[in-house]
Amino acid sequence: MKISRILLPVDGSRLSDAAADMAIDMAGGEATVVLLTVRRTVPTGLGQPNANELLEYLNQGAEEVMTHYRAKLTNANVDFQELVIGGDVAEVISNVADNEQCDIIVMGSKGKSDLEGLFLGSVTHKVLQTTTKPVLVVK
C-alpha cells in the first residue's frame with residue numbers, strides 16, 4: 001500500500017507525541033501529514049459575548065497544541081497541512097480521514113482527556129469502529 005496522506009490527530013499527550021514520531025517516520029519526506037486537533041464546540045445557547053470568549057479560549061488551546069507538532073513536522077522536513085475543527089473527537093477524526101482522502105490514521109492509544117477504557121481510549125475505540133481507513137494505534 002502506497003501511503004501519500006497520513007492523518008495525525010493530536011491532543012498534546014505523550015502518546016500523541018509517539019504517534020507524531022511514527023507518522024514522521026512513515027511519511028519519509030514523501031507523504032503529506034494532515035495534522036488535526038479537535039476542540040470542543042461552543043454551546044449554541046451561551047450568548048454573546050460569552051460564546052466569543054469561549055471560542056477564543058478553545059482556539060488558543062488548540063493553537064498551543066498545534067505549535068508543538070508544527071515544529072516537530074517542520075524540523076523533520078515533512079510536508080503537512082493543519083486543521084482545527086470543533087466537534088465530537090472520534091466523529092471528526094473519521095470524517096476528516098474521508099474528506100481529506102487520507103490513506104491511514106496514526107493516533108495514540110489514549111489521549112489527555114481519556115479517563116475511560118482499560119486498554120484502548122474511548123476515542124481510539126470509537127475511531128476504530130467508525131472509520132473504513134486503516135488505523136495505526138501507537139502506545
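Residues numbered from 1 in each chain as written. Predicted model: local features only at pLDDT ≥ 70, side-chain atom pairs only at ≥ 80, totals over all residues. Heavy atoms only, no water.

## Some points on the confidence of the model for the protein chain
- Within the protein chain, residue pLDDT values average 88, and 91% of them lie at 70 or more.
- By mean pLDDT, helix α2 (residues 50-75) is the weakest element of the protein chain at 89, and strand β1 (residues 5-9) is the strongest at 98.
- pLDDT under 50 marks residues 114-119. Its contacts with residues more than four places away, or in other chains, come to ten contacts. (pLDDT = per-residue confidence, 0-100. Helix = DSSP H or I, 4+ residues; strand = E, 2+ residues; numbered from the N terminus. Contact = heavy atoms within 4.5 Å.)

## Observations regarding the nonpolar core
- Counting 19 residues, the largest nonpolar core has Ile6, Leu8, Val10, Val33, Leu35 and Val106 as the members making the most contacts within it.
- Taken together, the elements giving at least two residues each to this core come down to β1, α1 (14-27), β2 (32-39), α2 and β4 (104-108).
- Sorting elements by how many residues they give to this core places α1 first, with five residues.
- Each residue touching Leu8, except ones within four places of it in the same chain, is listed here: Ala19, Ala20, Ala23, Val33, Val34, Leu35, Leu36 and Val106. (Core = buried A, V, L, I, M, F, W, Y, C linked by side-chain atoms within 4.5 Å. Buried < 20%, exposed > 50% of the residue type's maximum accessible area, 1.4 Å probe, protein only.)

## Details of the side chain of Arg5
- Relative to the helices and strands, Arg5 resides in strand β1.
- Within the structure, Arg5 has its side chain in polar contact with the side chain of Gln81 (distance 3.0 Å). (Polar contact = N/O pair within 3.5 Å; in protein donor to acceptor, adjacent residues only side chain to side chain.)

## Some thoughts on the sheet that holds β1
- The parallel open sheet is built from five strands, whose spatial order is β3-β2-β1-β4-β5. Edge strands, defined here as strands with exactly one partner in the open sheet, are β3 (80-86) and β5 (135-138). Across the sheet, the mean angle from the axis of one strand to that of its neighbour is 20°, orientation sign disregarded.
- Here β1 runs beside β2; their pairing, made up of five bridges, is parallel. Directly across from Pro9, in β2, lies its bridge partner Leu36.
- Sheet strands touched by α1: β1, β2, β4 and β5. Its angle to β4, the strand with the most contacts, is close to 150°.
- Strand contacts of helix α4 (residues 122-130): β4 and β5, with the helix running at about 165° to β4, the strand carrying the most contacts. (Pairing = 2+ DSSP bridges. Axes fitted to C-alpha atoms, helices over the stretch in contact; angles between N-to-C directions.)

## Some thoughts on the side chain of Thr32
- Along the chain, the position of Thr32 falls in strand β2.
- Take Thr32: its relative accessible area is 15%, and that puts it in the buried class.
- Setting aside residues up to four positions removed in sequence, Thr32 forms contacts with Ser4, Arg5, Ile6, Asp79, Phe80 and Gln81.

## What to know about the packing of α1 against α2
- Interhelical geometry of α1 versus α2 gives an angle of 25° and a closest axis separation of 10 Å. Compared by their axis directions, α1 and α2 come out roughly parallel. Relative to α2, α1 is oriented so that their crossing is right-handed. Along its contact with α1, which presents Ser16, Asp17, Ala20, Asp21 and Ile24, the element α2 presents His68, Tyr69, Lys72 and Leu73. (Parallel < 35°, antiparallel > 145°, perpendicular 65-115°, else oblique. Left-handed = near helix turned anticlockwise from the far one by under 90°.)

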